[in-house]
Amino acid sequence: MRQILRLTYIMLKGNGIASLGSDARKKRKFGSLGSLLLFLFLFVYLGAMMSGSSIGIYKMLEPLSLTTMIPGLYLSAAAIMTFVFGAVYVISIFYYSSDVTRFLPLPLKAGEIISAKLLVTAVYIEMVMAMLLLPSLTVYGVLSEASFQYYVLMVLSLILMPFIPLCLAAVIVILLMRLTPFARNKDRFNTVSGLVLMLGTFGFVFFIQNLSSKTDGDLAQIIENGAANVSSAAMSVFPGVRQAASLLTSSRLELLDLLLLILFVAVSWLIMLLAGRAFYFQGAVSMGVSGGRKRKISSGELAAAGKSGNIFWTLMLKDIRILLRTPIFLMNNVIMNFIWPIFLLVPFITGSEETIQLPALRLMAQQLNYSSNLPITIVMSIVFGFAAFVTGTNGIAASCLSREGRLLYFMKIIPVSYNKQILAKVSVSVMMAVFGCLIALIAGWIFFLPPIWLALPLLLVLPAAVILPALASVFFDLLWPKLHWDNEQRAVKQNMNVLYGMLVTMLLIAVTIVPSFLLSWFWPAALAALIIIPWTLIIALFFLLRLMATRQMIGIEA
Amino acid sequence: MIELLNVSKSYHSEVKAVDNINLTIPDGRIFGFLGPNGAGKTTTIKMITGILSPDSGDILLQGNSIINNALAAKRCFGLVPDDPNVFPRLRGLEYLKFMGDVYQVPTEQRTERIASLAKRLSLTDALGEKIQSYSHGMRQKLMIIGALLHAPDIWILDEPMTGLDPQSAFELKNMMREHADKGKTVFFSTHVLEVAERICDDLAVIDHGQIRFSGTLEQMREQSRADESLESMFLRLVAEGEKS
Ligand SMILES: Nc1ncnc2c1ncn2[C@@H]1O[C@H](COP(=O)(O)OP(=O)(O)OP(=O)(O)O)[C@@H](O)[C@H]1O
Ligand SMILES: [Mg+2]
C-alpha cells in the first residue's frame, strides 16, 4: 500500500521519475502558482454559482416536500459526469502520459502501477467533483438542518462514490484501447477531450442555473419527470449511488448502505485491476507517437509552397500553426482568448433577470449620450481592462521563447533579426487577443445595443490595450526563458513568466485606468488618457526591446 | 570559405570545449571534421552558425563575421544539425515553405528545388505529412532539403550520415561532391572514419578542443608511416594528444 501511495505521489508530481530531483521539485512548486491561482478562481466562481443555484432549487422543492430527492439527483449527476470525465482522464493518464515505459522496468507489481494510476485519476476527478458537489451538498445540509453526521457522510460518499463509475469507465477504456484503434491520434484526442471537458463543465453549470431560473411549477414538472428518470437510471447503472443517496437523506446511520457502498468500491476496484492486468500494459506500450493520415501532396500544394511570402507573416504563421496544433498550447494559449467572454456572459444569459437587472442596464446603455461622462469613461475602462486582461492571460507573449524549447537554436541560425522574430511572436499574441476581444465586444454590443457612435472610442482604446501587455510580458521570457522541458505543459502551465506577464498586465491596467478616472468629468479627456498613456509605454518598450533583443538572444545558450 | 580565428569556448567556465583553434575551410572542397565523442565538433559547428557565441576569437563566413555581421553571415550557410527533430507539428512542406520564405528564395527556384531534392532523397510522398510521423532518417533528409533550398555558399553538416540508409547516404555523398564542385564550401563532422576517407578532400582532427591535424588526406598520409590506415592514424593522433 505504501508503494502504491508513493507511486501515486510521484505520478501526481508530474513527470514520473524525472521529478524526483529535489532541485526540479523546488522550481516546479513555484511555477505552479499560476495554475493554483486559476484553480482557486475557478473554485470560487463555480462554488458560488453552484451554491446559489442549490439554494434556488431547494427553496423551490421545499413547498412540494420533494427536497429529499436532492442528494440523489446531485449524486447521480455526479456519477454520470465522473463516468464521462473519467473515461477521458483515464485515456490521458493511463495511455498518454509516457511514464509507463519508465515504470515498467522497475521492480513494481503490475497491480501497483495500475492502482497508482487509478488513484491519480481519482484525485483529479474528485477535485472536479468537490468543486461542483461540495457547495451544493453543503447548502442542502445547511438548509435541511442536518446533523454533524450528515457532513461526515457527505465527505465520505464524495470520496467513495466516484470510484465506482470511474472504475467502470476505466475498464471500458482499457478494453477499447486494447481491442480497437480508438483514440490513437493523441493530438486530436487531447484537443477534442479538452474541449469536451470544458463544455461539459459549462453545460452542467448552465443546466443547474437554468433549472433555478424556472418557475416552481415548471421545475417540479422537470424534476418529477425528467431528472428523476435520469437519476433512477443512473442509480441502476452505477451501483453505490443509491446507497450514498440514502446515507445522506436518512436521519439514522444506515450501516448496511455504508457497508454496501464500501463493498461496491472494493469490487469495482478489483474488476478494474483484473482488466488492467490482462489488457492494460500491451495497450499502453503499443501506443506509439501519434501518426497523421498518410497524405500525398498535390502539385498545386507544391506550387503554393513555392510562392514566396512575407517573412514577418511566415514567422507568425509558424507560431500560429504550432499553437493550434499542440493541444496544450491550444487549450492554454488560444482557447483562453475566447473563454472569458463566456465566463462573463454566463450570468447574463442564464441568470434570473431580477438579480442582474438586465433591462435596466440595457436602458442605461441606450441612453448614453455625449454628455454622459462618467458612464462612458467606465465603459471605455472596462473595454481597456478586459482587452488587456485577455492578452495578458493568453500567455502567448510571456511564453514565446519557452515554447520553442530546445528548438530555440533555430531562431539563431535563420537570417532574420531577433527584434523582428520577437515582434512576430508578440503579434501572434496580439492577434489571438484581438479575435477574442472582438467577439466579446460584438456579443456585448448586441446585448446592450448602445448608441453606434460609442464604437469609435472603444475601437480607439482597443489596439493599445492588446499590444501593451503582450509587448511587456515578452521581456520576462527574454530574460528568463524556460527552455529545458520534455513536456509542453512545462512551457506554458508551469512557467513563471506567464504569471509575471499576468501580474504586469494588472499593473499596466491600473496605471492606465486610474488616470482616466481622474479625467472622467470629460470623457474625451479620459479617452485621451486611455490612448496616450499606453502608447507612450508601448513606444518606450519597443525601443527597449530593440536595445535588448539581440544581446539577450545571443546570451541564451540552449 | 569559413575562417576560424583563435576561437575558444568553454561551458560553465570550466574545461575548454574548444581551445584556441584556427582553421580555414576553403571553397570548392569537402572538408571533414573528425574527432572522438566530446571532442568539440558540435560546439565548433554551433559557434560557426551563431548558436553559441565564442568566448574569444572570431569566425568569418564568406568574409562576414558571425559576431559583428551576423545577418549577412547567416545568409551564407545552410545547416543540417546533429539532431534533426524540428517542429514536429509542421508538415514537411510547411517547413520547407518556412525555410524558403525566411531565406527569401525566389518562387521559380524554390518549387523546382523542392521537387528535385525531394525526389532525389525519395521524400516526395512524405512531404504532406507532419514531421512527427517521420522516421529519424526522413527528418534528416528534410533538414538536408531545407538547408539546400537557398543554395548556400557554405553547407554545414553535423554527423549527417547517422540514420541514413545506404542509398540515401550515397545520394548525400554525391550531393556534397556536386556542391563542392560548384566551387562552394562543404563542412561536415563525423566520427565514422570510412566516410571521411572516402569523400573528404581536406580534413581536420580535433580532440579535447584542440586541432591535432589539419590538411589534405595525402598530407596526412605523408606525415604518417607508409600504408597506415586512417583508423590507426586517427588513433595515434588522438593518443599523442593525450600524452602531451
Ligand atoms: N550544453 C553543454 N553544457 C556543458 N558542457 C557541454 C555542453 N555541450 C557540450 N559540452 C561539453 O563540451 C565538450 C565538447 O562537446 P561536443 O558536443 O562539441 O562534442 P562532439 O565532438 O560533437 O561529440 P560527439 O561526437 O559525441 O557529437 C564535451 O566535453 C561536452 O561534455
Ligand atoms: Mg556532436
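Within every chain, residues take consecutive numbers counted from 1 along the sequence as written. The lettering of chains begins at A and the numbering of ligands begins at 1, in the order of writing. This being a predicted model, a pLDDT of at least 70 is required before a residue's local features are given, and a value of 80 or more before pairs of side-chain atoms are given or counted; all residues contribute to the totals for chains, interfaces and linings. Excluding hydrogens and water, the side-chain figures rest on all heavy atoms present in the structure.

> Quick question: what am I supposed to make of the overall build of chain A here?
Comment: elements are numbered from the N terminus, with helices defined as DSSP H or I runs of at least four residues and strands as E runs of at least two. Of regular secondary structure, chain A possesses 25 helices and 0 strands. The buried share of chain A, taken over its 558 residues, is 52%. By sequence separation, contacts in chain A at least 24 residues apart represent 84% of the contacts at least 6 residues apart. Three labels apply to residues, based on accessible area from a 1.4 Å probe with only protein chains included: buried if under 20% of the type maximum, exposed if over 50%, partly exposed otherwise in between. When checking whether two residues touch, look at their non-hydrogen atoms; a contact exists if any pair is within 4.5 Å.

> I keep staring at the overall build of chain B and nothing clicks. Help me out?
For chain B, the count of helices and strands is 9 helices and 10 strands. A radius of gyration in this sense is built from C-alpha atoms; the matching globule rule multiplies 2.2 Å by the number of residues raised to 0.38. Since a compact globule built from 244 residues should have a radius of gyration of about 18 Å, the 18 Å found for chain B is in line with a globular shape. For chain B, the C-alpha atoms occupy an extent of roughly 55 × 40 × 30 Å along the three principal directions. Counting every position in chain B, which comprises 244 residues, the buried fraction comes to 59%. At a minimum sequence separation of 6, the contacts of chain B that also span at least 24 residues come to 66%.

> Is there a simple way to think about the pattern of salt bridges in this case?
Note that side chains of opposite charge can pair when their charged atoms are close. In the sections that follow, a salt bridge refers to a side-chain nitrogen of Lys or Arg positioned within 4 Å of a carboxyl oxygen of Asp or Glu. One pass over the structure, following the stated rule, counts 21 salt bridges over all chains. A salt bridge links Asp 19 of chain B to Lys 16 of chain B; the nearest nitrogen and oxygen atoms lie 3.9 Å apart. The partly exposed category is assigned to Lys 16 of chain B, whose relative accessible area is 42%. Note that Asp 201 of chain B is salt-bridged to Arg 177 of chain B, the shortest N-O span being 2.8 Å. Placement of Asp 201 of chain B in the loop between helix H7 (193–199) and strand S9 (202–207) and of Arg 177 of chain B in helix H6 (residues 166–181) is noted, with a sequence separation of 24 residues between them. Connected through shared salt-bridge partners, Lys 318, Asp 319, Glu 404 and Lys 425 of chain A make up one network.

> What is the right way to read helix H5 (residues 136–148) of chain B from this model?
An α-helical turn contains 3.6 residues, so any two residues separated by three or four positions project in the same direction. Expected span, for any helix, means 1.5 Å times one less than how many residues it has. When the terminal C-alpha atoms of H5 of chain B are compared, their 19 Å separation across 13 residues agrees well with the 18 Å that a helix rising 1.5 Å per residue should span. Across the 13 residues that make up H5 of chain B, a large majority, 11, are buried. Listing the buried residues of H5 of chain B in full gives Gly 137, Arg 139, Gln 140, Lys 141, Leu 142, Met 143, Ile 144, Ile 145, Gly 146, Ala 147 and Leu 148 of chain B. Of the surrounding elements, those touching the buried residues of H5 of chain B are helix H20 (409–413) of chain A together with strand S6 (77–80), helix H3 (92–102), helix H4 (107–120), strand S7 (154–158) and H6 of chain B.

> How should I be thinking about unusual backbone geometry in this particular structure?
Leave glycine aside and you will find that most residues have negative phi; peptide bonds, for their part, are mostly trans. Phi at Leu 449 of chain A takes a positive value of approximately 45 degrees, unusual for a residue other than glycine. With respect to the helices and strands, the residue Leu 449 of chain A is situated in the loop between helix H21 (418–448) and helix H22 (455–479). Since its relative accessible area comes to 47%, Leu 449 of chain A is described here as partly exposed. Positive phi, close to 50 degrees, is recorded for Gln 62 of chain B, a residue that is not glycine. By the element assignment, Gln 62 of chain B lies in the loop between strand S4 (56–61) and strand S5 (64–65).

> How do you make sense of the pairing of strand S2 (residues 16–25) of chain B when you look at a structure like this?
Two faces, one strand: in a regular strand the side chains alternate between the faces of the sheet. All names here are of chain B. Strand pairing is assigned whenever DSSP identifies at least 2 bridges connecting the two strands. Of the pairings in the sheet, the one linking strand S1 (residues 2–10) to S2 comprises 6 bridges and is antiparallel in character. Bridge pairing in S2 places Leu 4 opposite Leu 23. Adjacent in sequence and paired antiparallel, S1 and S2 are bridged by 5 residues, among which His 12 carries a positive phi angle near 50 degrees.

> It is not clear to me how the packing of helix H14 (residues 311–325) of chain A against H21 of chain A should be interpreted in this structure. Could you clarify?
Two numbers describe a pair of packed helices, the interaxial angle and the distance between the axes. Residue and element names in this part refer to chain A. Note on geometry: axes are C-alpha line fits, over the in-contact stretch for helices, and angles between N-to-C directions span 0 to 180 degrees. Between H14 and H21, the shortest axis-to-axis distance is 9 Å and the interhelical angle comes to 55 degrees. Taken together, the axes of H14 and H21 are oblique relative to one another. For the crossing formed where H14 meets H21, the hand is right-handed. Judged by residue contacts, Phe 312, Trp 313, Leu 315, Met 316, Lys 318, Asp 319, Ile 320 and Leu 323 of H14 engage Lys 420, Gln 421, Leu 423, Ala 424, Lys 425, Ser 427, Val 428, Met 431 and Met 432 from H21. Looking at the contact of H14 with H21 residue by residue, the classes come out as 11 nonpolar, 2 polar and 4 charged. In what follows, roughly perpendicular refers to angles from 65 to 115 degrees, roughly parallel to angles under 35, roughly antiparallel to angles over 145, and oblique to any angle outside these ranges. A clockwise turn of the near helix away from the far one marks a right-handed crossing, whereas an anticlockwise turn of less than a right angle marks a left-handed crossing. Only Asp, Glu, Lys and Arg are considered charged in this grouping, and only Ala, Val, Leu, Ile, Met, Phe, Trp, Tyr, Cys and Pro are considered nonpolar; every other residue, Gly among them, is considered polar.

> I tried to follow the site of ligand 1 on my own but got confused; where do I start?
All names here are of chain B. The full set close to ligand 1 counts 13 residues, and Asn 37, Gly 38, Lys 41, Thr 42 and Thr 43 are the nearest of them. By the criterion applied in these results, polar contacts are pairs of N or O atoms within 3.5 Å in which, for protein atoms, one can donate a hydrogen and the other can accept it, and in which residues neighboring in sequence qualify only through two side-chain atoms. Measuring from an oxygen atom of ligand 1, one finds a backbone N or O atom of Ala 39 at 3.2 Å. Within the side chain of His 191, a nitrogen or oxygen atom sits 3.4 Å from an oxygen atom of ligand 1. Coverage of ligand 1 by the protein amounts to 60% of the 640 Å² it exposes when considered alone. Taken together, the residues of the shell around ligand 1 sort by class into 4 nonpolar, 7 polar and 2 charged. We define proximity as follows: a residue is near a molecule or strand when any one of its heavy atoms falls within 4 Å of that partner. The accessible surface values rely on the Shrake-Rupley method and a 1.4 Å probe; as for residues, cover is taken only from the protein chains in view.

> Even after reading the chapter, I still don't get the confidence of the model for chain B, so can you show me in this structure?
Low-confidence regions, as indicated by low pLDDT, have predicted coordinates that should not be scrutinised in detail. On average, residues of chain B score 90 in pLDDT, and 97% of them are at 70 or above. On the interface metric, ipTM, the complex scores 0.92, and its pTM is 0.76. pLDDT measures how confident the predictor is about each residue, on a scale from 0 to 100.

> So what exactly am I meant to see when it comes to the packing of aromatic side chains here?
Remark: the centre distance and the inter-plane angle together describe each pair of aromatic rings, the angle taken between the planes. Centres within 6.5 Å make a pair out of two Phe, Tyr or Trp rings, where for Trp the six-membered ring is used; the pair is then stacked when the planes are under 30 degrees apart, edge-to-face when over 60, and tilted otherwise. As enumerated under the stated definition, the model contains 23 aromatic pairs over all chains in all. Ring geometry for Tyr 150 of chain A against Tyr 151 of chain A: centres 5.2 Å apart, planes inclined by 85 degrees, an arrangement best described as edge-to-face. Seen from their ring centres, Phe 476 of chain A and Trp 480 of chain A are 6.3 Å apart, and the 20 degrees between their planes marks the pair as stacked. Classification of Phe 476 of chain A as buried rests on a relative accessible area of 17%. An aromatic cluster of at least three residues, connected via ring pairs, comprises Tyr 409 and Phe 410 of chain A together with Phe 87, Tyr 95 and Phe 98 of chain B. Directly above the aromatic system of Phe 329 of chain A lies the positively charged group of Arg 403 of chain A, at a separation of 5.9 Å from the ring centroid. By definition here, charges over rings are those cases where NZ of Lys or CZ of Arg is within 6 Å of the ring centre and within 35 degrees of the ring normal.

> Which parts of the structure should I look at to understand the sheet that holds strand S10 (residues 210–216) of chain B?
Two orientations exist for strands paired in a sheet by backbone hydrogen bonds: parallel and antiparallel. All names here are of chain B. Sheet architecture is open: 6 strands sit in the order S6-S7-S8-S3-S9-S10, paired in mixed fashion. Strand pairing shows two members of the sheet lacking a second neighbour, S6 and S10, which therefore form its edges. Neighbour-to-neighbour, the strand axes of this sheet turn through a mean angle of 15 degrees, independent of strand direction. Pairing analysis gives 4 bridges linking strand S3 (residues 30–34) to S9, with the strands arranged parallel. Across the sheet, Phe 33 pairs through a bridge with Ala 204, a residue of S9. Strands in contact with H5 are S6 and S7; relative to S6, the strand with the most contacts, it is inclined by about 175 degrees.

> Just to check I follow, could you spell out the nonpolar core for this structure?
Inside soluble globular proteins, nonpolar side chains tend to come together where they are buried. Among buried residues, the Ala, Val, Leu, Ile, Met, Phe, Trp, Tyr and Cys ones that are joined through side-chain atoms within 4.5 Å form a nonpolar core. Formed by 166 residues in total, the largest nonpolar core has its most connected members in Phe 410 of chain A together with Ile 2, Tyr 95, Trp 155 and Met 176 of chain B. Discounting residues that sit within four places of it in the chain, Trp 155 of chain B has contacts with Gly 78, Val 80, Ile 144, Ala 147, Leu 148, Leu 172, Met 175, Met 176, His 179, Thr 185, Val 186 and Phe 187 of chain B.

> Help me out: how do you make sense of the interface of chain A and chain B in this one?
Taken together, the 44 residues of chain A in the interface contact 45 residues of chain B. Summing the contributions of chain A and of chain B, the shared interface buries around 4,000 Å²; its carbon and sulfur component is 60%. The tally of links between chain A and chain B comes to 5 salt bridges. Across the pair Glu 557 of chain A and Lys 9 of chain B runs a salt bridge whose closest N-O atoms are separated by 2.7 Å. Simply put, the buried area is the total loss of 1.4 Å probe accessible area from both parts when two parts are fitted together.

> Where do I start with the environment of Asp 55 of chain B in this structure?
Residues and elements named next belong to chain B. Relative to the helices and strands, Asp 55 is located in the loop between helix H1 (41–48) and S4. For Asp 55, a relative accessible area of 47% gives the class partly exposed. Along the backbone, Asp 55 and Ser 8 are 47 residues apart, and their C-alpha atoms lie at a distance of 5.6 Å. Within the structure, the side chain of Asp 55 is placed 2.8 Å from the backbone nitrogen of Ser 10, a separation counted as a polar contact.

> Would you take a moment to explain the sheet that holds S1 of chain B for this structure?
All names here are of chain B. The sheet built from 4 strands is open, its strands ordered S2-S1-S4-S5 with antiparallel pairing. Two strands close off the open sheet at either side, each with one partner strand: S2 and S5. As paired elements, S4 and S5 share 2 bridges and run antiparallel to each other. Bridge pairing links Leu 61 to Asn 64 in S5.

> It is not clear to me how the environment of Tyr 96 of chain A should be interpreted in this structure. Could you clarify?
All names here are of chain A. In this fold, Tyr 96 is placed in helix H4 (residues 69–96). Note on Tyr 96: relative accessible area 7%, which makes it buried. Sequence separation between Tyr 96 and Asn 190 is 94 residues, and the spatial gap between their C-alpha atoms is 9.0 Å.

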